[in-house]
Amino acid sequence: FKLWWWLYCGDFDMLSEHMGGFLRCFVDTYAAFGGPALDMEVLRMQFVLTALEQMNSLCAAVPQIWQMCRKPEWKTIKDRYDPRIGANVNGKSTLRLYLQVM
């Protein structure tokens with residue numbers, strides 16, 4: 001399943017609060033349309049493991065993150081809405097997305 005890849009761009013608070021509901025909705029809908037019954041706890045574990053796997057991969061992106069926002073600037077960034085990390089950099093949302101997932 002690719003649930004993590006469908007949901008990972010959601011805000012942390014929303015995803016944390018509603019993760020169980022999203023997973024339950026998928027399990028129920030999948031079965032309703034002919035898919036096999038899925039174990040909710042196994043699916044939750046797979047979802048979290050996929051998130052951890054992506055986080056591990058994103059560690060390799062730290063040098064790229066520092067190119068988009070120089071290392072010394074991080075000392076003064078107070079939250080994710082700071083325009084240095086919240087706005088598009090070079091026309092892309094890569095920095096914002098990387099930080100969102102991390």
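Residues numbered from 1 in each chain as written. Predicted model: local features only at pLDDT ≥ 70, side-chain atom pairs only at ≥ 80, totals over all residues. Heavy atoms only, no water.

S.K.: Would you mind going over the packing of helix H2 (residues 12-32) against helix H3 (residues 40-58) with me for this structure?
M.R.: In a packed pair of helices, the relevant descriptors are the angle between the two axes and the axis-to-axis distance. Running from N to C, H2 and H3 cross one another at 130 degrees; their axes reach a closest spacing of 10 Å. Compared by their axis directions, H2 and H3 come out oblique. At the point where H2 passes H3, the crossing takes the right-handed sense. Along its contact with H2, which presents Leu-15, Met-19, Gly-20, Leu-23, Arg-24, Phe-26 and Val-27, the element H3 presents Met-40, Leu-43, Arg-44, Phe-47 and Val-48. Its residues assigned to classes, the contact of H2 with H3 shows 9 nonpolar, 1 polar and 2 charged. (Axes fitted to C-alpha atoms, helices over the stretch in contact; angles between N-to-C directions. Helix = DSSP H or I, 4+ residues; strand = E, 2+ residues; numbered from the N terminus. Parallel < 35°, antiparallel > 145°, perpendicular 65-115°, else oblique. Left-handed = near helix turned anticlockwise from the far one by under 90°. Contact = heavy atoms within 4.5 Å. Nonpolar A, V, L, I, M, F, W, Y, C, P; charged D, E, K, R; others polar.)

S.K.: How should the environment of Asp-79 be read in this particular structure?
M.R.: Relative to the assigned elements, Asp-79 resides in the loop between helix H4 (62-68) and helix H5 (83-86). When its relative accessible area of 39% is taken as the criterion, Asp-79 is described as partly exposed. In terms of polar contacts, Asp-79 uses its side chain to reach the backbone amide nitrogen of Tyr-81, at 2.8 Å. Side-chain polar atoms of Asp-79 contact the backbone nitrogen of Asp-82, separated by 3.2 Å. (Buried < 20%, exposed > 50% of the residue type's maximum accessible area, 1.4 Å probe, protein only. Polar contact = N/O pair within 3.5 Å; in protein donor to acceptor, adjacent residues only side chain to side chain.)

S.K.: Please explain the pattern of salt bridges as it appears in this structure.
M.R.: When the charged atoms of two side chains lie near each other, side chains of opposite charge can form a pair. In this structure the tally under the stated criterion is 5 salt bridges. What emerges from the salt-bridge pattern is a single network uniting Glu-73, Asp-82 and Arg-84. (Salt bridge = Lys/Arg side-chain N within 4 Å of Asp/Glu carboxyl O.)

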